Amino acid sequence: MTESEVNRAVQYVTASTSYGRETVAEVIRTGLAELTALATTSSLQARRETILAYVCQWTIKRTGYPEALVWEVLGYAGRWLDDMYDMIARDHPELLRESDR
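None of these values were measured; they are calculated from a predicted model.

Visitor: Help me out: how do you make sense of the environment of Leu69 in this one?
Guide: Structurally, Leu69 can be placed in helix H4 (residues 67-91). Residues Leu69 and Gln11 lie 58 residues apart in sequence; the distance between their C-alpha atoms is 16 Å.

Next up, the structure:
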């Protein structure tokens, strides 16, 4: 994700929750960092829910934020990513690899 996309996700989640921008940004950036590390260093094949649970637990340990806060923030961020994917799939399907569809 580009910095601009991360900032849009932060804005979306901040507007959707009662948490401050700094808190939301820290949780999202921490979660994305672990998700990136997991994707580049592991051949793990797991369901989305399993990966989200792992990233949430790692983010809780890393940031010290309460579990409910982290789950809510990353849940909203996930919905934002889903919406972005749907928009790209609809408007620019040529940008997706065949295995992504």
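Visitor: Honestly, the packing of aromatic side chains in this entry has me stumped. Any pointers?
Guide: What characterises a pair of aromatic rings is the spacing of the ring centres plus the angle enclosed by the ring planes. Tallying each qualifying case throughout the model produces 0 aromatic pairs. When the ring centre of Tyr76 is taken as origin, the NZ or CZ atom of Arg79, which lies over that ring, is 4.4 Å away.

Visitor: What am I meant to see in the side chain of Thr63 here?
Guide: Take Thr63: it is sitting in helix H3 (residues 48-63). Judged by its relative accessible area of 16%, Thr63 is buried. A polar atom in the side chain of Thr63 sits 2.8 Å from the backbone oxygen of Thr59. Of the polar contacts made by the side chain of Thr63, one reaches the backbone nitrogen of Tyr65; its length is 3.2 Å.

Visitor: For this particular structure, what's the right way to read the packing of helix H1 (residues 3-16) against helix H2 (residues 21-41)?
Guide: Where H1 meets H2, the closest approach of the two axes is 9 Å, and the angle between their N-to-C directions is 130°. Between H1 and H2, the angle is such that the two are oblique. Handedness of the H1/H2 crossing: right-handed. For the pair H1 and H2, contact is made by Glu3, Val6, Asn7, Ala9, Val10, Gln11, Val13 and Thr14 and by Arg21, Val24, Ala25, Ile28, Arg29 and Leu32, respectively. In terms of residue class, the contact of H1 with H2 is made up of 8 nonpolar, 3 polar and 3 charged.

What counts, and where the lines are drawn
Residues numbered from 1 in each chain as written. Predicted model: local features only at pLDDT ≥ 70, side-chain atom pairs only at ≥ 80, totals over all residues. Heavy atoms only, no water. Helix = DSSP H or I, 4+ residues; strand = E, 2+ residues; numbered from the N terminus. Phe/Tyr/Trp six-rings, centres within 6.5 Å; stacked < 30°, edge-to-face > 60°. Lys NZ or Arg CZ within 6 Å of the ring centre and 35° of its normal. Buried < 20%, exposed > 50% of the residue type's maximum accessible area, 1.4 Å probe, protein only. Polar contact = N/O pair within 3.5 Å; in protein donor to acceptor, adjacent residues only side chain to side chain. Axes fitted to C-alpha atoms, helices over the stretch in contact; angles between N-to-C directions. Parallel < 35°, antiparallel > 145°, perpendicular 65-115°, else oblique. Left-handed = near helix turned anticlockwise from the far one by under 90°. Contact = heavy atoms within 4.5 Å. Nonpolar A, V, L, I, M, F, W, Y, C, P; charged D, E, K, R; others polar.

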